[in-house]
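A look at the structure
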Amino acid sequence: MTTATLEKPNSSTPVVSAATVRKPDRKVNLVGFDLGTNKSCILASQAGATDIALSKIVPTVVGYVKDGIVDGIIAGNASILYGEDALKNFLHVNLVAPLENGVVAHPEAAGDFFRHLRILVDPSGTAELRAVIGVPANAEEEARENIRGCAAGVFDRVLLIPEPFLAALGYRDDSRLNQPNYVDPVTNSLFVDIGGGTSDVCLIQGYFPSRDDQICIAFAGDAIDGLIQAEINRLYPGNGISRQTVREIKEAHSYVGAIRKPTDVKVIIGGKARMLELGETIGQACNTLLDRIYPALTTLITRASSDSVVQLLQNIVITGGGSQIRGIDTVLQKRLADDGYEAPKVRLAGQDYKRYVAMGAYKAARAARENQWQHVLD
Ligand SMILES: Nc1ncnc2c1ncn2[C@@H]1O[C@H](COP(=O)(O)OP(=O)(O)OP(=O)(O)O)[C@@H](O)[C@H]1O
Ligand SMILES: [Mg+2]
């Protein structure tokens with residue numbers, strides 16, 4: 001990437017000249033960090049290394065072990081569990097999701113989560129850690145400040161970069177950049193990142209997206225779960241199905257487009273198996289997402305310059321967990337074509353969608369100049 005694409009240090013952040021604090025004997029680890037509402041991804045290696053030493057996806061959740069749990073129930077009698085361990089022990093912990101709608105909602109839990117990640121990257125606790133952290137495209141200064149606050153005392157230096165830009169950077173196939181027919185997603189693309197808390201639609205045209213280049217919609221996977229659960233409760237009162245089960249049902253049967261009936265789903269209610277017909281419920285909830293995203297897409301297409309728009313229409317990429325909704329690429333592409341847009345091409349980022357933001361962050365960490373890193377001070 002070119003240095004021109006990187007962020008300028010923010011004037012309100014304490015920035016200390018690198019030369020005054022750098023201890024030459026300390027190892028430097030570079031970290032790419034996607035802090036997601038549902039799942040986080042972290043990639044890390046030592047500065048100068050060619051291979052990624054750590055690549056991990058961790059559910060963004062902290063479990064505080066409840067008082068009075070008998071010894072031996074929780075491995076190592078730990079008092080705080082993280083990610084999968086916290087979810088597995090849900091009966092014995094108070095689960096806290098540090099983020100809501102893409103931003104830090106519980107700073108203490110976020111701080112604990114960051115400390116856990118630090119130990120994964122650097123078990124010795126002695127290395128200097130420099131992390132590029134993705135932030136939602138429209139993050140206000142307060143949201144950015146909250147992330148810096150959580151990073152203080154955990155990472156030594158950070159750089160916050162908008163997530164859609166990092167997704168494009170991560171998705172970019174660096175080995176094909178010299179091929180004449182390769183359209184570099186960082187140069188000209190429209191990224192649609194459908195996560196748990198937010199759906200972000202963003203024009204990527206070689207520089208950091210500005211406010212006008214992006215639209216963040218507070219409707220994504222969690223909101224679909226909410227619609228499906230409300231409809232199940234209406235159709236089958238007193239069912240007691242948990243939000244987690246609703247999410248699993250959605251992930252197994254999600255689709256957009258024409259309503260598919262019947263879609264029989266087996267659930268356990270009061271200990272007994274029942275088949276529920278949820279074809280219409282799931283289809284309508286997922287189509288609602290599409291209806292919310294589509295106007296954002298066309299608004300941003302209108303904002304692209306007339307010179308770039310034809311190529312842009314060829315490079316619409318859907319990423320995030322919502323990209324797994326069956327038919328989302330073809331239905332969006334057809335809607336654009338039916339509305340008269342010139343030869344639109346909508347593609348899915350693919351199975352690696354969970355890692356693209358972190359991969360972009362890691363690439364940005366490797367490319368960052370010494371004076372672009374910001375120190376985070378306690
Ligand atoms: N097969 C699927 N069908 C529908 N939704 C899915 C599927 N797989 C995952 N999801 C949904 O994707 C969402 C999580 O996406 P992702 O991991 O990109 O979110 P995140 O990055 O943690 O959140 P955010 O970007 O909002 O901070 C969840 O709502 C999840 O249920
Ligand atoms: Mg995300």
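Analysis parameters
Residues numbered from 1 in each chain as written. Chains lettered and ligands numbered in written order. Predicted model: local features only at pLDDT ≥ 70, side-chain atom pairs only at ≥ 80, totals over all residues. Heavy atoms only, no water. Helix = DSSP H or I, 4+ residues; strand = E, 2+ residues; numbered from the N terminus. Expected span 1.5 Å × (residues − 1). Buried < 20%, exposed > 50% of the residue type's maximum accessible area, 1.4 Å probe, protein only. Pairing = 2+ DSSP bridges. Axes fitted to C-alpha atoms, helices over the stretch in contact; angles between N-to-C directions. Contact = heavy atoms within 4.5 Å. Arc of directions from axis to C-beta.

Here's the deal with helix H11 (residues 356–367)
- The end-to-end C-alpha separation of H11 is 16 Å, in line with the 16 Å expected for 12 residues at 1.5 Å each.
- Among the 12 residues of H11, 9 are classified as buried, and the element is accordingly described as predominantly covered.
- All of the buried residues along H11 are Tyr 356, Val 357, Ala 358, Gly 360, Ala 361, Tyr 362, Lys 363, Ala 364 and Ala 365.

Notes on the sheet that holds strand E17 (residues 346–348)
- Reading across the sheet, the 5 strands line up as E13-E12-E11-E16-E17 and stay open at both edges, with mixed pairing between neighbours. At either margin of the open sheet sits one strand with a lone partner, and together these are strand E13 (214–217) and E17. With strand direction ignored, the average angle separating the axes of adjacent strands in the sheet is 15 degrees.
- On top of the sheet, helix H10 (residues 328–338) reaches strand E11 (189–194), strand E16 (316–319) and E17; it is set at about 170 degrees to E17, its chief contact.

Here we look at unusual backbone geometry
- Omega for the bond connecting Lys 261 with Pro 262 falls within 30 degrees of zero, at -5 degrees, which places this linkage in the cis form.
- Positive phi, close to 50 degrees, is recorded for Asn 77, a residue that is not glycine.
- Residue position: Asn 77 is located in the loop between strand E4 (62–65) and strand E5 (80–82).
- Of the residues examined, Asn 77 reaches a relative accessible area of 44% and is grouped as partly exposed.
- One non-glycine residue, Asn 101, lies in positive phi territory at about 50 degrees.
- Mapped onto the elements, Asn 101 comes out in the loop between strand E7 (99–100) and strand E8 (103–104).

Quick look at the side chain of Lys 363
- Mapped onto the fold, Lys 363 is located in helix H11.
- Discounting residues that sit within four places of it in the chain, Lys 363 has contacts with Leu 169, Gly 170, Arg 172 and Asp 174.

With respect to helix H7 (residues 243–253)
- Among all positions in H7, only Val 246, Ile 249 and Lys 250 are buried. Taken around the axis of H7, the buried residues stretch over an arc of 100 degrees, which confines them to a single face.
- In the core, the buried residues of H7 are packed alongside helix H6 (221–235), strand E14 (264–269) and helix H8 (279–303).

Structural notes on the sheet that holds strand E10 (residues 157–162)
- Strand order across the open sheet formed by 6 strands is E3-E2-E1-E9-E10-E18, with mixed pairing between neighbours. Bordering the open sheet on either side are strand E3 (54–59) and strand E18 (374–375), each of which pairs with just one other strand.
- Pairing between strand E2 (residues 39–46) and E3: 6 bridges, direction antiparallel. By the bridge assignment for E3, Lys 39 is matched with Pro 59.
- Helix-sheet contacts for helix H3 (residues 107–121) involve strand E1 (28–34), E2, E3 and strand E9 (128–135), and the interaxial angle to E3 is about 155 degrees.

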